[in-house]
Structure formats: structure tokens, C-alpha cells
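Below, each chain spelled out in residue letters.
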Amino acid sequence: MKKRHSFIAFVAVTVQILLLASCEAPAEQPFNTAAEVPTMQTGTFVQVGDLELSWNNEAKCVLLYDKLSDKFWGTTPYEYLMDDGANRMVNSPLYLQYYNPGDGTTNISYAYDGAISEGRVSCESIENGLKITYYFDAIEIAIPVSYTLSDDCLRVTVDPQTIEEHSYKVVAISVAPFFCSTPNGNEDSYLMLPVESGALMYAEQRKEGYSSFSGAVYGADAAQLRTEYWKETPTVRLPVFGVKDGANGLCAIIEEGAHAAYIEAEAGRRQTQYTHAWATFWTRGYDVVEMVINATRSDVTRYSEDLTVNCRYTVAYYPLRGGEADYAGMARLYRGYLDNLYDVEAKTSDAFYLLNILGGAETRQFFLGIPYESLTAATSFAQAGEILNDLHDKTGSSPIVLLKGFGSSGLDIGKLAGGFSFSGELGGIKGYENLKTQCETLGIPLFVDFDLLYFNQGGNGFGTLFDTAKSAMGQRATFYKLTKALHKEDTEAPPYFLLSRKKLTQASECLEDFLTKQGISGVGLSTLGSTAYSDYSDPAYYVKGSMAADAQSIFSKLSNGRELLTSQANDYAAVSADYLAFTPVSNGSYTVLDESIPFYEMVFSGLRPLYGPSINTASNPQKSLLQSIAYGVGPCFSLLYEYDLDLVESGAEGLYASVYAENRDLIVDTVVWCQDYYNAIKGATLTEWRMDTSGYSETRFDNGVIVYTNPTDMVVETPDGPLEPMQFMFTTGGDQPVSYTHLTLP
């Protein structure tokens, strides 16, 4: 694969040079380093409600004053400004990452060095705000930034169409890096980052070095070519972050350009003296390919030629005060923001647990010594029915059911959306119809999952040659499975691709026809809800452009007369679906993050039924279950009916520890153990959560329910009495806590 990428990279660059040479470019106006830069004297220029917007001309700093809390927030922290602090990072309202096409290097320029110290910053009055332009003369780049005030927030906006660049090319812009900050060592202060379920980074001075974080909003670009696919990247599903600065707080929402943003943070850095979080917007996409340079193999970053101008980049900063100045207040604010933006209607369900039933996977078979791929069944439709009947008889309750891998290629990537069909090996259309009738009788919501993004075979009007997404270098975004042992690309396996963004609507129409024809009323869209990607065949899709709008359009189309489920949902998908599966219940265990919090659950609980990761496939099912209970999400179980030995070599995920017969007792015990608790929090919103120093967690809901979980191996003392190891108890407000016996795994 590396040789293939190297060759394609060489060809792509060569073709690009030839094309450029054959076209006569229009005359470019020179960058005028002597042009006058208008400015304004220090003062307050805008007042709206309880907020004031000021300009410090000497430091070239924008300040937001909250009169209710008597608190200043600034592009340079107010206390630092008053102490005449001088640091090129802290005094920079903007970081600029740029690329030199001449030598292939990428560098960073700080506004303090590149513009402020040279006196090359202009300030002009605009409606309800200020427009500040930073002129980086040395690299001939100018970045205008507008700061506009409303009654509850300050919006900072960069319009890439107004950026001026010449020989050097803008790659990324970090906006107001120290606006959302608190001094190192400040008591009761932290950063809130929406990593997985949510995370905190405390404002503590680190003994050695500092902690830093960077995560792409809506995940890494799925169409990006890389040389190291095995490296895990942080998952950021929500474009929001914030800071608690003692008794005050600030919540930042990326209102425009979230698809192009990274949320970044540093904690405890001695050099800057501040713990801070900010948004960086990528103005160009890129691929990382391996090339041979001076007889040495090296990773080389290749950027897209054109500046991305498909949207503006806006971050809104909301001051928080008193009891709202913490991560729970940030969650309430962001929840309200989504409700105002999308008019979200709450959805509840009696089904408090999820069964993720796996159909089959492709395995290698041989005929007369000739290898071929064939679908090996793990669960047929009839066997899925046996599982549901058995559990209903034993528990008397009904789960929500998601069928995965029941299409033509099972759990593996094959034709788009499983060929818009059901595998005959698993029972075909007739098998599905029988299972659907059975579920309707038992009152079980039934969903079938379809992948509208990935495919490796042509069919149904979609081909692998012309209907695939293009990477930043303009070539087909081509990928391979990773080997189990080394997590390297298996270039001997068939490659797979992402569907062209222009074809997504057509694919959804094909799926809608299939759903209507087969009478499918429960639709799973796991990949569409959790994956964002670019397509450099059209500027509208550069740097994951319009992904939220495209996905929501498809969700809306398919929701007509149907219910939708999605997994690990980005915010735009979460408000569009009816059920949210595989909801994260940790911060991903990244060492730079200090604590895990249920921020995601605070935003969506009470609005959507939430189900956590699979209990039975976790390394410690008991602790996994207790974590789901603590975060108020329903338990999930991934199941298959029988494990064929041929599946050992399958690369399909989720097959391990999933045989139903081996998990039946665990499921039954869990349902009996938990059903009263989940009935008590049905439709409730998680409002408060804390982890006690003794190891137990306390969760509060808006209907008065309080639950304590103890994942430790010791008895702990809670405000409502002692709690044994590996147990939970809850109270519904005024009643005695209800304690359940330790869950013994079979």
C-alpha cells in the first residue's frame, strides 16, 4: 500500500504541475506592506444588555466585560494584560499555520510576532462589533476577524473569502487561543472538553511539562490518506468546549465551520502560565503519504491546492455565572442551543436495553483449491427470533433490537448498503418478514442497519471507479483492512472506498425505495451518523464541508413514517434520530485528560433514549454495566447465535464473546437487576454527576432520582448509607434507597 500511495502521490503532483503550467494565471496584486492600517483608540465600543465589548489599542486586544459578574474575558487574559505580561503566545489573538510550496515546509506564525509587534493590526467599527485585520507582512498573509456582541455572547468570526494570501498558503487558523482560559493553579478551575462522553483538564501546574489535547470535531476526516491508520484519534462529537474559572465560566460553541475545526487545549504550561482551550479551523485539507526523498522513505504532507471557502468560521463565547459556571451549566446551555437551532422534540421508550444482533461475515472458502469469499452465518433471522422469544419468556420485558450484517456481505464492506438486500444465507426477505411480525407481536422495536458510505463492489448504480470520494490530492480515497497482528494495511485484501458526496442523495433514494418495498419501519444509520468526510471533487465538500446538512437531509427523508437509530452520533445526527446507540461512557482513557464526565448524556438524556457500549464484550462487564448505570444509559449486548470456526479469520468486529448461549444468564440477571432503576429515570434528564474521593459516583436526575454506583472492591459510605462493592442503589426522592444484590457473572 505504501508503494501504491507513493506512486500515486508522484503522479498526482506531476499532473498538477503540468496542468498549472498549461494555464495562464491572472495577474496577482502584490501584498502592500506599506498600506496604512486604520485603528481606534482604547475604549468601550459596544454595549448590549449586560455585556460590553472593548478594544485595547496598545496591546491590540479585544475584551469582553460581563457586568453581572464583574469579570473580563479577553484575547489576552485580563490579569495578564494588567500585569504587562509579554509572551508571544499569550499576547496573540490568533495563531496562523501556513505552508511554503517552495520548500514544502509548514510553520506557525503568532499574531504577536507576525503582526502586533510590527504595528500591522487594523481596527474598524462594524455593526455591534469590531473588525480586526492582522497583517503578516513577512509571509504576505492578511486575516480579517470580526468580533460581534449580542445580549448573551461574543461571536468571533473568520470569513475565509476575505483572507489574503500570496506565495505562502494558509493551512489553519487558531482563533482567540487564550479567550477561554484560567491561570494555572487556580482553585476550582478546569477546562471542559467534549471528548467521547466528556472530559475535564484541571488548571494545575504540572510537575513536568504540560498536558495538551487536539481532537477533530466530528472525528478525523474519513477520506484523508494517512500512513499510520492504527493510531487512535480522539473522538469529538459536539462542537463545544468551556472553562470554569473559579466562580465564573465561559462556554464556547462553534456555530459555523464545526466540520473544519479541531478543539485544542493545554493545561499547566509554565511558559504561558495559563490553562486554555480554543478552536483551530483548517482552511486546507491534506493527505499524508510516504515518498522517497534522497533515498530515504519519509512521510510527506500534501495540501489541497485551493483555500476552502465553503463556510465561515464562528465561535460564540457565552459567559456563565454562579451556579451555571460549571460543566453542568455548559451542558444546559448547549442543550438549549440545540433545541433553539433544531426545535428538538423529546422521545422516550419503554425498551431500556439494546440487543445488537450480528448476522454474518465473509470468510475465505476453497473450491478445488481455488479461494473465494463466502458469507458465513452467525445469526439467521430465525435464530434472532429464537433469542428474542427466549429472553421475553425469561424476563417479560422487551428490548430494542438492531440487526447488523444481514445484507449481502454481512458485517464486511461489500456493495453499498449491503446491496439493498438481505442475504439468502440468513433467511432473505421472507426471514426478515417473519422476524418483523414476531417483534410486532412482542412489542419489540426492530431496526436494520445500513451503511451508505463504505463499499468495495459496484452495483445498484454505484461504481468503484467514478462514484468514490476524492482525497485532498485529487485521487480516489482508497483504503484497506488492517491486519490483526500488526494493524498494518492488508494490501492483499480488496480495497474499499467512500461514496462520492454527490451520490449520497441518490444512495438514500435507493435505500428509501428498498425500505418502502419491504415495509421496513426501523432504520439504523450508524456510519452516516458518526462519520464525516471530505470529497475534493467539489469545493462544497472540502474539509468535510456540508456533512451535517447532507446527513440531516437524509435523516429527514428516511424518517417519513419510520423511526431512525444511529450509533456514536455526532450532534447533528443525534437530534435527527429517534434512538442513540453505543453512547460513549468514558473520555476514551486519554492520559492527558484528568477526569471523565457524562457531558454527552447531560445534553441528550431526556431528549433521546440512550444505550451504551456492549456490556458482554467489555474487558470487565460488571464495571461496564455500573458505568452505564452511573451515566443513565441503557445496557447493550452484542450477540450472535453460533460461532462458526471459519469466523476466526474474519476481520469483522464484535464477534468476540458474543455467543448468546454464553451470555443469556448475564442478560437475564442484568434486566432483572436494573429494570426498576431504568423505569425510574425514563424520560429524565441527567443534571448533576460527581465522583467521590472514596470511589463511588453520585448521579442526579431532574425528576428527583439519585443513583450511587460503587465500582470499587470496598464498602463505601454514601449520603444515603453504605454501598457494597460492585453494587448500585437509587432513591426516587424521599423514599429509602433501593439496593440490589451483587451481580454474579455466569
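Residues numbered from 1 in each chain as written. Predicted model: local features only at pLDDT ≥ 70, side-chain atom pairs only at ≥ 80, totals over all residues. Heavy atoms only, no water.

Some details on the overall build of the protein
Here comes step 1: Counting secondary structure elements, the protein contains 13 helices and 42 strands.
Here comes step 2: Projected onto its principal axes, the C-alpha coordinates of the protein cover approximately 80 × 70 × 45 Å.
Here comes step 3: With 746 residues in all, the protein has 58% of them scored as buried.
Here comes step 4: Nonlocal contacts in the protein, meaning residues at least 24 apart in sequence, comprise 66% of its contacts between residues at least 6 apart.
Here comes step 5: Taken as two groups, the 51 positive and 92 negative side-chain charges of the protein have centres that lie 5 Å from each other. (Helix = DSSP H or I, 4+ residues; strand = E, 2+ residues; numbered from the N terminus. Buried < 20%, exposed > 50% of the residue type's maximum accessible area, 1.4 Å probe, protein only. Contact = heavy atoms within 4.5 Å. Lys, Arg positive; Asp, Glu negative; His and termini not counted. Charge placed at Lys NZ, Arg CZ, Asp CG, Glu CD.)

A few points about the packing of aromatic side chains
Here comes step 1: Inspection of every chain in the model, using the stated rule, returns 38 aromatic pairs.
Here comes step 2: Note on Phe-479 and Tyr-496: the rings are 5.9 Å apart at their centroids and 35 degrees apart in plane angle, and the pair reads as tilted. You can see Phe-479 sitting in strand S28 (residues 478–479) and its partner Tyr-496 sitting in strand S29 (residues 496–498), a full 17 residues away along the chain.
Here comes step 3: Relative accessible area serves as the criterion here: at 5%, Phe-479 is assigned to the buried category.
Here comes step 4: Between Trp-673 and Phe-728, the ring centres sit 5.1 Å apart and the planes meet at 90 degrees, which makes this aromatic pair edge-to-face. In this pair, Trp-673 is assigned in helix H13 (residues 660–680) and Phe-728 in strand S41 (residues 727–731), connecting sequence segments 55 residues apart.
Here comes step 5: Overall, Trp-673 belongs to the buried group, its relative accessible area being 8%.
Here comes step 6: Overall, the relative accessible area of 0% leaves Phe-728 in the buried class.
Here comes step 7: Taken together through their ring pairs, the aromatic side chains of Phe-352, Tyr-353, Trp-673, Tyr-677, Tyr-678, Phe-728 and Phe-730 make up a single cluster. (Phe/Tyr/Trp six-rings, centres within 6.5 Å; stacked < 30°, edge-to-face > 60°.)

Some thoughts on empty space enclosed by the protein
Here comes step 1: The tally for this structure, following the rule as stated, stands at three cavities of 30 Å³ or more.
Here comes step 2: If you add up the space inside the largest cavity, you get close to 280 Å³.
Here comes step 3: Around the largest cavity, the lining comprises 22 residues; the ones closest to its centre are Pro-609, Leu-610, Ile-681, Lys-682 and Gly-683.
Here comes step 4: Residues belonging to the lining of the largest cavity are distributed by class as follows: ten nonpolar, eight polar and four charged.
Here comes step 5: Quantified by volume, the second largest cavity comes out at close to 170 Å³. (1 Å grid on protein atoms, 1.4 Å probe; cavity = no way out; pocket = protein on both sides within 12 Å on 5 of 7 lines; lining within 4 Å. Points joined across faces, edges and corners; volume = space filled by probe spheres on them. Nonpolar A, V, L, I, M, F, W, Y, C, P; charged D, E, K, R; others polar.)

Points about a nonpolar patch on the surface
Here comes step 1: Side chains of Tyr-643, Leu-645 and Val-648 sit close together on the surface and give an oily, nonpolar patch of about 300 Å² of accessible area.
Here comes step 2: With respect to the element layout, Val-648 can be found in the loop between strand S35 (634–639) and H13.
Here comes step 3: Given the relative accessible area of 38%, Val-648 is considered partly exposed. (Patch = residues over 30% accessible without salt bridge, like charges linked within 9 Å, V, L, I, M, F, W, Y side chains within 5 Å. Areas by Shrake-Rupley, 256 points an atom, 1.4 Å probe, with all protein chains shown as cover. Salt bridge = Lys/Arg side-chain N within 4 Å of Asp/Glu carboxyl O.)

Regarding helix H9 (residues 547–558)
Here comes step 1: End to end, H9 covers 17 Å across twelve residues, agreeing with the expected 16 Å (1.5 Å per residue, within 8%).
Here comes step 2: For H9, the set of buried residues is Met-547, Ala-551, Gln-552, Ile-554, Phe-555 and Leu-558. Buried residues of H9, viewed axially, fall in a sector of 160 degrees; they line one side.
Here comes step 3: Contact partners of the buried residues in H9: helix H4 (327–342), helix H7 (504–518), helix H8 (526–530), strand S31 (563–567) and helix H10 (571–574). (Expected span 1.5 Å × (residues − 1). Arc of directions from axis to C-beta.)

A look at the pattern of salt bridges
Here comes step 1: Under the definition given, this model contains 22 salt bridges.
Here comes step 2: The salt bridge partner of Lys-347 is Glu-563, with a shortest N-O separation of 2.3 Å. Of this pair, Lys-347 sits in the loop between H4 and strand S22 (354–358) while Glu-563 sits in strand S31; the two residues are 216 residues apart in sequence, bridging distant segments of the chain.
Here comes step 3: Its salt-bridge partner being Arg-690, residue Asp-692 comes within 3.0 Å of it at the nearest N-O pair.
Here comes step 4: Because the salt bridges share partners, they merge into one network encompassing Arg-690, Asp-692, Glu-698 and Arg-700.

A short note on the pairing of strand S5 (residues 94–100)
Here comes step 1: For S5, a buried count of six out of seven residues is recorded, marking the element as mostly surrounded by other parts of the structure.
Here comes step 2: Taken together, the six bridges between S5 and strand S11 (residues 169–183) define a ladder with antiparallel strand orientation. Opposite Tyr-95, over in S11, you have Ser-174 as the bridge partner.
Here comes step 3: As consecutive antiparallel partners, S5 and strand S6 (residues 105–110) are separated by four residues, and within that stretch Gly-104 has a phi angle of approximately 80 degrees, a positive value. (Pairing = 2+ DSSP bridges.)

Observations regarding the sheet that holds S28
Here comes step 1: Spatially, S27-S29-S28 is the arrangement adopted by the three strands of the open sheet, whose pairing is antiparallel. Sheet topology places strand S27 (454–455) and S28 at the edges, where each strand pairs with a single neighbour.
Here comes step 2: Pairing of S27 with S29 involves two bridges; the strand directions are antiparallel. Each residue of the ladder has a partner; that of Phe-455, found in S29, is Phe-497.

Thoughts on helix H5 (residues 381–395)
Here comes step 1: Look at H5: 21 Å from first C-alpha to last across 15 residues, which is about the 21 Å you get at 1.5 Å a residue.
Here comes step 2: Phe-381, Gln-383, Ala-384, Gly-385, Ile-387, Leu-388, Asp-390, Leu-391 and Thr-395 are the residues of H5 that are buried.
Here comes step 3: Tucked inside the fold, the buried residues of H5 contact S22, strand S25 (400–404), helix H6 (428–442), S35 and H13.

So, the packing of H5 against H13
Here comes step 1: Their axes nearest at 10 Å, the elements H5 and H13 cross at an angle of 35 degrees. At the point where H5 passes H13, the crossing takes the right-handed sense. Contacts between H5 and H13 involve Ile-387, Asp-390, Leu-391, Lys-394 and Thr-395 from the first element and Tyr-660, Arg-664, Ile-667, Val-668 and Val-671 from the second.
Here comes step 2: Of the residues that constitute the contact of H5 with H13, the class distribution is six nonpolar, one polar and three charged. (Axes fitted to C-alpha atoms, helices over the stretch in contact; angles between N-to-C directions. Left-handed = near helix turned anticlockwise from the far one by under 90°.)

Considerations on unusual backbone geometry
Here comes step 1: Even without a glycine there, the phi angle at Lys-544 is positive, about 65 degrees.
Here comes step 2: Within the secondary structure layout, Lys-544 lies in the loop between H8 and H9.
Here comes step 3: For Lys-544, a relative accessible area of 4% puts it in the buried group.
Here comes step 4: For Gln-568, which is not a glycine, the phi torsion comes out positive at approximately 45 degrees.
Here comes step 5: In this structure, Gln-568 sits in the loop between S31 and H10.

Quick look at the sheet that holds S31
Here comes step 1: Pairing within the open sheet is parallel, and its eight strands lie in the order S32-S31-S30-S26-S25-S22-S35-S34. Where the open sheet ends on each side, the last strands, each with one partner, are strand S32 (579–581) and strand S34 (611–614). Ignoring strand direction, the axes of neighbouring strands in this sheet form an average angle of 25 degrees.
Here comes step 2: In the sheet, S22 pairs with S35 via four bridges, with the strands oriented parallel. Within S35, the residue paired with Ile-357 across the bridge is Leu-639.
Here comes step 3: Packing of H5 onto the sheet brings it into contact with S22, S25 and S35, and relative to S22 it is tilted by some 155 degrees.

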